[in-house]
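# Remarks on the overall topology
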Amino acid sequence: DGKVVGTAGIARDISGRKQAEEALRKAEKLSATGRLAAAVAHELNNPLETLLNLVFLLQRNASLDSTARECVDIAEEELRRATHVTRQMLAFHRDSSKPAPVNLSEVLDDVSDLYAPLSRSNGISIVKRYEADVTICAISVEVRQVISNLVRNALEAAPQNGTILLHVFASREWNDGGRKGARVVIADNGPGISPGDREKIFEPFFTTKGENGTGLGLWVSSGIIQKHGGSIRVRSDTRRGRCGTVFNVFLPSKFAHSQEQTSVGAEGAQPELNSTGERFGQRRSYN
């Protein structure tokens with residue numbers, strides 16, 4: 001008689017697919033932005049070199065008084081800084097699939113230089129503790145990508161006038177036959193990561209940044225470390241007065257492509273970090 005006597009329905013949750021599609025769109029935008037930035041850096045490099053040459057000639061002009069010479073020296077310093085930034089942008093974009101010697105201290109310096117405006121604007125102090133000439137064999141652009149992601153996360157997590165520590169030293173992976181290699185420790189005195197989130201931070205599409213994050217950075221980073229046969233671990237504490245996060249990356253001395261699951265840990269810690277970063281520099285328990 002035209003009356004509804006029942007209904008049948010089928011529902012399918014496509015949230016994961018939607019998230020993946022959105023992440024891919026954001027990744028494509030970031031890739032296009034990176035190519036554009038590299039192109040701009042490449043085009044700026046030549047005029048910057050020309051300006052440096054002109055400043056060099058001006059410095060040798062005997063007619064300059066002390067004030068003018070001081071201004072020329074400042075101009076040279078700023079031009080060299082701009083040239084350094086453009087070269088680092090090009091280095092980040094260049095792709096290389098062949099392992100080569102990588103000086104980890106230089107990589108950390110390059111990354112911290114790129115993020116210097118962000119750290120200065122937030123009053124964040126960057127404490128560096130490098131052992132001399134810690135070099136590994138790795139794919140340079142991929143190591144830079146991992147360190148860049150971790151440093152950026154630390155800067156975003158650190159509070160106003162906070163502190164982050166960049167620590168590099170020769171080490172061994174004792175739970176894997178004592179392999180020789182190097183460790184990169186990146187620590188911040190931010191609010192810390194909750195235990196529930198620590199279990200998920202290396203999963204794809206998981207983010208605590210809301211609309212500002214894709215949830216792919218740490219997932220990609222862990223994949224790169226796995227590819228190099230290394231490990232990445234995180235320790236964090238959210239307790240007031242003792243909060244902070246420590247990321248610990250081990251990379252073997254020689255490129256050792258690994259097909260096994262990356263050793264990824266999420267362990268509790270009690271990171272204490274004062275204004276000089278001394279406690280982190282001395283706490284070998286994070287190694």
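Residues numbered from 1 in each chain as written. Predicted model: local features only at pLDDT ≥ 70, side-chain atom pairs only at ≥ 80, totals over all residues. Heavy atoms only, no water.

## Considerations on the nonpolar core
- In terms of nonpolar packing, the biggest core is built from 35 residues, with Leu104, Ile147, Leu150, Val151, Ile186 and Phe247 touching the most fellow members.
- Listing elements by their share of this core, those giving two or more residues are α3 (104-114), β3 (135-138), α5 (140-157), β4 (163-173), β5 (179-188), α7 (217-227), β6 (231-237) and β7 (244-252).
- Ignoring any residue separated from it by four or fewer positions in sequence, one finds Ile147 in contact with Leu104, Val107, Leu108, Val111 and Ile186.
- Membership of the second largest hydrophobic core comes to six residues, among which are Phe169, Val185, Ala187 and Val246. (Core = buried A, V, L, I, M, F, W, Y, C linked by side-chain atoms within 4.5 Å. Buried < 20%, exposed > 50% of the residue type's maximum accessible area, 1.4 Å probe, protein only. Helix = DSSP H or I, 4+ residues; strand = E, 2+ residues; numbered from the N terminus. Contact = heavy atoms within 4.5 Å.)

## Section: α3
- Those residues of α3 not exposed but buried are Leu104, Ser105, Val107, Leu108, Asp110, Val111 and Ser112.
- Sitting at the amino-terminal end of α3 is Asn103, which places a side-chain oxygen 3.1 Å from the backbone nitrogen of Ser105. (Polar contact = N/O pair within 3.5 Å; in protein donor to acceptor, adjacent residues only side chain to side chain.)

## Remarks on the side chain of Ser222
- For Ser222, the position within the fold is in helix α7.
- Of note is the side chain of Ser222, whose polar atom sits 2.8 Å from the backbone oxygen of Trp219.

## Here's the deal with a nonpolar patch on the surface
- A cluster of nonpolar residues, Leu51, Leu54, Phe56 and Leu57, forms a patch on the protein surface that exposes about 390 Å² of accessible area.
- Relative to the assigned elements, Leu51 resides in helix α1 (residues 15-59).
- Given the relative accessible area of 40%, Leu51 is considered partly exposed. (Patch = residues over 30% accessible without salt bridge, like charges linked within 9 Å, V, L, I, M, F, W, Y side chains within 5 Å. Areas by Shrake-Rupley, 256 points an atom, 1.4 Å probe, with all protein chains shown as cover. Salt bridge = Lys/Arg side-chain N within 4 Å of Asp/Glu carboxyl O.)

## A few points about the confidence of the model for the protein
- Overall, the predicted model of the protein reaches an average pLDDT of 79, with 81% of residues at or above 70.
- Mean pLDDT across the elements of the protein ranges from a minimum in helix α8 (residues 278-282), with 40, to a maximum in β7, with 92. (pLDDT = per-residue confidence, 0-100.)

## Here's the deal with empty space enclosed by the protein
- Per the stated rule, a full pass over the model turns up one cavity of 30 Å³ or more.
- Of the volumes computed, that of the largest cavity is approximately 40 Å³.
- Lining the largest cavity, in full, are Val143, Val146, Ile147, Val184, Ile225, Val249 and Leu251.
- Elements represented by at least two residues in the lining of the largest cavity include exactly α5 and β7. (1 Å grid on protein atoms, 1.4 Å probe; cavity = no way out; pocket = protein on both sides within 12 Å on 5 of 7 lines; lining within 4 Å. Points joined across faces, edges and corners; volume = space filled by probe spheres on them.)

## Some remarks on the environment of Cys71
- Looking at the secondary structure, you find Cys71 in helix α2 (residues 66-93).
- Look at Cys71 and you get partly exposed, because its relative accessible area is 49%.
- Separated by 12 residues in sequence, Cys71 and Gln59 place their C-alpha atoms 10.0 Å apart.

## Topic: the packing of α3 against α5
- As a packed pair, α3 and α5 sit with axes 10 Å apart at the nearest point and diverge in direction by 50°. In terms of their interaxial angle, α3 and α5 are classed as oblique. Here α3 runs over α5; the crossing is right-handed. Of α5, the residues touching α3 (which contributes Leu104, Val107, Leu108, Asp110 and Val111) are Val143, Arg144, Ile147, Ser148 and Val151.
- Tallied by class, residues from the contact of α3 with α5 come to seven nonpolar, one polar and two charged. (Axes fitted to C-alpha atoms, helices over the stretch in contact; angles between N-to-C directions. Parallel < 35°, antiparallel > 145°, perpendicular 65-115°, else oblique. Left-handed = near helix turned anticlockwise from the far one by under 90°. Nonpolar A, V, L, I, M, F, W, Y, C, P; charged D, E, K, R; others polar.)

## Structural notes on the pairing of β5
- With eight of its 10 residues buried, β5 lies for the most part within the structure.
- Summarising the sheet, β4 and β5 pair through 10 bridges and their orientation is antiparallel. Residue pairing across strands places Val168 opposite Val184, the latter belonging to β5.
- Inspection of the sheet shows β5 paired to β7 by eight bridges, in the antiparallel sense. Bridge assignment links Arg183 to a residue of β7, and that residue is Phe250. (Pairing = 2+ DSSP bridges.)

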